[in-house]
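Chain and residue survey
Letter by letter, the chains look like this.
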Amino acid sequence: MELNQLIEFLLQHNINAKEHPDEKGMLISEHLLGNHNVTIISHIPSDFPFTLPTFHLHEREKYGALAHVAWGKDGFADICYGADSYNIDYSRPKFIFLSALSKMLTLLDKSLNDQDFNKKELLREFAGVWRFHISDNTQTLVCLAEPTERFDNLMVRAPNNKKIKNNREILVINSSLNQCNSNNFFMKKLNSKTRSSEGKGIILSLPELPLPPEPNESIISWWENVISNLPVDLQNDLLEKGRLTRTKNFYIICHAKNEEGQVWFALQCSNIKKENIPIHARYFCNWNMNAVTLDVVSKENLLSRIGVENQLSDKKVCLIGCGSVGGYIADMLSSSGVGEITLVDPDKFQLENLHRHYLGAHTIGNFKTDALKLTLEYKYPFIKINTSKSRLLDYCNFEKLTRFDLVICATGNVTHQRRINEFIVQNKIPTPLIFCWVEAYGVGGHAVAVLPNSQGCLNNVFIDNESDEPSLYPNINFIRKDQKIKKNHAGCGTEFIAYSNIDAIQTATISSQLALKVLSNNLENSGYISWRGEQDLAIKNEIKLAHRFYRFKDLMHFIPLACEKMS
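Presented here is an overview of the structure given in this document.

Topic: the sheet that holds strand 2 (residues 26-33)
With antiparallel pairing, 4 strands are arranged side by side in an open sheet as 1-2-3-4. One side of each edge strand has no neighbouring strand; the edge strands of this open sheet are strand 1 (17-19) and strand 4 (54-57). Going from strand to strand, the sheet's axes swing by 30 degrees on average, the running direction of each strand aside.

Examining the packing of helix 2 (residues 93-113) against helix 3 (residues 115-124)
Between helix 2 and helix 3, the shortest axis-to-axis distance is 5 Å and the interhelical angle comes to 105 degrees. It follows that helix 2 is roughly perpendicular to helix 3 by the angle criterion. Contact residues: Leu107, Lys110, Ser111 and Asn113 in helix 2; Gln115, Phe117 and Asn118 in helix 3. Across the contact of helix 2 with helix 3, the residue classes tally to 2 nonpolar, 4 polar and 1 charged.

Focus: the sheet that holds strand 15 (residues 340-344)
In space, the 8 strands of this open sheet follow the order 16-15-14-17-18-19-20-21, with mixed pairing throughout. Unpaired on one side and paired on the other, strand 16 (384-388) and strand 21 (558-560) mark the two borders of the sheet. Strand-to-strand, the axes of this sheet are offset by a mean angle of 20 degrees, without reference to chain direction. By the bridge criterion, 5 bridges tie strand 14 (residues 316-320) to strand 15 in an arrangement that is parallel. Bridging across to strand 15, Cys318 finds its partner in Thr342. Here helix 12 (residues 414-426) sits on the sheet in contact with strand 17 (406-409), strand 18 (433-438) and strand 19 (444-450), set at roughly 165 degrees to strand 18.

Looking at the packing of aromatic side chains
In this structure the tally under the stated criterion is 17 aromatic pairs. With centroids separated by 5.9 Å and ring planes inclined at 80 degrees, the aromatic side chains of Phe478 and Phe549 adopt a geometry described as edge-to-face. Pair noted here: Phe478 is in the loop between strand 19 and helix 13 (501-519) and Phe549 is in helix 15 (residues 547-551), with a separation of 71 residues, a long-range link. Each member of the pair, Phe478 as well as Phe549, is classed as buried. Classification of Phe478 by relative accessible area gives buried; the value is 0%. Taken together, Phe126, Trp130, Trp222, Trp223 and Phe265 form an aromatic cluster joined through their ring pairs.

Quick notes on helix 12
Compared with an ideal rise of 1.5 Å per residue, which puts 13 residues at 18 Å, helix 12 spans 18 Å between its outermost C-alpha atoms and is within 8% of the ideal. Of all the positions in helix 12, only Gln417, Ile420, Asn421, Phe423, Ile424 and Val425 are classed as buried. Check the buried side of helix 12 and you find it contacts helix 11 (398-401), strand 17, strand 18 and strand 19. Once helix 12 finishes, Lys428 follows within two positions and takes phi at roughly 50 degrees, a positive value.

Concerning the packing of helix 9 (residues 324-335) against helix 13
Where helix 9 meets helix 13, the axes come as close as 8 Å, and the angle between the chain directions of the two elements is 45 degrees. Considering their axes alone, helix 9 and helix 13 lie oblique with respect to each other. Pair helix 9 / helix 13 crosses with right-handed handedness. Each of Ser324, Val325, Tyr328, Ile329, Met332 and Leu333 in helix 9 lies in contact with helix 13, whose residues at this interface are Asn501, Ala504, Ile505, Thr507, Ala508, Thr509, Ser511, Ser512, Ala515 and Leu516. Residue composition of the contact of helix 9 with helix 13, grouped by class: 10 nonpolar, 6 polar and no charged.

Calculation notes
- Residues numbered from 1 in each chain as written.
- Predicted model: local features only at pLDDT ≥ 70, side-chain atom pairs only at ≥ 80, totals over all residues.
- Heavy atoms only, no water.
- Pairing = 2+ DSSP bridges.
- Helix = DSSP H or I, 4+ residues; strand = E, 2+ residues; numbered from the N terminus.
- Axes fitted to C-alpha atoms, helices over the stretch in contact; angles between N-to-C directions.
- Parallel < 35°, antiparallel > 145°, perpendicular 65-115°, else oblique.
- Contact = heavy atoms within 4.5 Å.
- Nonpolar A, V, L, I, M, F, W, Y, C, P; charged D, E, K, R; others polar.
- Phe/Tyr/Trp six-rings, centres within 6.5 Å; stacked < 30°, edge-to-face > 60°.
- Buried < 20%, exposed > 50% of the residue type's maximum accessible area, 1.4 Å probe, protein only.
- Expected span 1.5 Å × (residues − 1).
- Left-handed = near helix turned anticlockwise from the far one by under 90°.

Everything listed here is a matter of coordinates, which is why it stays silent on function.
This is the structure we're talking about:
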């Protein structure tokens with residue numbers, strides 16, 4: 001699209017624009033927004049309209065604190081108008097530009113002329129504004145702590161060998177507020193020999209989120225204003241804390257709530273000699289203060305992104321069977337915010353399962369439970385993993401089953417699963433159970449949820465569809481019964497069922513979906529979910545498929561079990 005064509009098109013819509021005299025691919029236009037005459041510089045990218053234009057407010061320094069308007073080098077102040085949310089009709093590039101320009105001007109008009117809107121938006125995007133005050137050469141802080149009620153001390157651990165790559169962050173922790181497990185990546189890094197103590201720190205809860213610093217405002221002046229607006233009793237306590245604490249390097253981490261949750265920010269303070277820490281106006285002399293990048297390792301900060309809001313953090317799950325399906329279930333439940341998982345499996349991880357298991361090659365020869373514990377606790381900061389080398393039938397025990405909120409059987413051993421189902425029915429176990437298995441050659445997989453005091457149990461799945469008599473073969477399977485399914489490459493003791501890593505993940509997914517519904521009290525009745533794959537491999541291996549495979553249409557849907565209540 002030629003610029004002169006766009007200029008002519010804009011003029012037809014009462015927008016007077018001209019080419020930028022010094023910058024190729026840019027337009028300049030003037031607009032009256034309320035009482036403000038603003039100049040907008042529009043940059044049209046080379047791949048426009050597939051990438052939307054960017055708009056910059058000329059002479060940004062004239063306008064002070066403005067929501068959605070950045071400030072940057074060379075006078076370019078990018079205006080954020082939500083370009084990422086556009087679904088572009090690229091066949092009409094001129095209208096795309098006009099629409100983007102109009103949306104940007106509407107937003108800028110509100111920021112300039114509606115003080116309440118501007119203040120609300122500045123608070124909402126505090127973290128984004130804060131980033132503009134962070135210089136390129138500052139180190140990142142990683143804070144391991146939950147929000148505090150008032151203020152508390154932080155231990156500071158900084159790199160002692162700057163030659164080591166990926167080791168530049170400064171880690172700060174409050175032991176009483178930290179909920180990370182000891183095997184987690186961040187805890188390992190914190191306690192590494194490549195780190196040593198550096199200075200002191202404090203975590204401070206602000207009763208109210210302040211407006212972020214204005215463009216070019218001194219951070220220390222802004223911080224002094226924040227401190228002076230705190231409640232008098234909190235100021236007095238900070239004054240006493242400052243009187244008792246002296247150091248050359250000091251780190252301040254603050255959090256406060258806005259409409260969308262906790263907002264965190266960090267300050268790095270340095271002095272040429274030990275001085276009282278700058279948490280009260282009396283002690284600000286001689287301190288240098290910089291805004292720094294902060295990554296927060298807390299339950300609220302990390303788990304809120306997956307939508308669980310900590311409601312699963314007090315749940316306890318027992319997962320019996322840590323093979324291909326069980327390994328992925330363990331990962332999915334851990335990533336979903338479940339607080340504690342007990343892994344049960346007596347076997348070691350073998351080479352032949354490498355291509356269809358969650359675990360990596362470095363864990364071959366280790367017990368599956370131990371390898372999963374280390375892997376999951378290293379990845380997920382807040383998970384607690386217990387391990388057991390017991391077998392499924394060892395859990396035919398009232399005390400063992402009732403200590404959990406949910407028990408998942410992922411052994412694939414139908415006989416053992418039927419036995420534990422019989423035990424829970426006969427003994428009226430109040431703990432929900434989920435049974436899951438994957439079928440051969442990628443034809444499908446199943447997960448059955450059995451709830452206490454609900455219609456249906458695993459026995460419903462073992463009723464012959466033709467005779468209505470008890471059967472040893474699941475009636476929801478997609479493969480017909482009485483066929484040789486298992487294969488072996490080396491004779492006795494090496495039999496296996498052929499299925500892929502994707503098949504294991506699919507089955508783990510429906511099992512985990514059921515588990516989360518049970519744990520969240522969003523499942524009222526016993527029932528099951530199946531997924532159906534393709535028939536090609538089964539046919540190639542001369543496997544006959546059941547009528548259900550061809551009739552099945554309830555993909556990933558929950559189907560209630562129909563029977564009398566367990567008695």
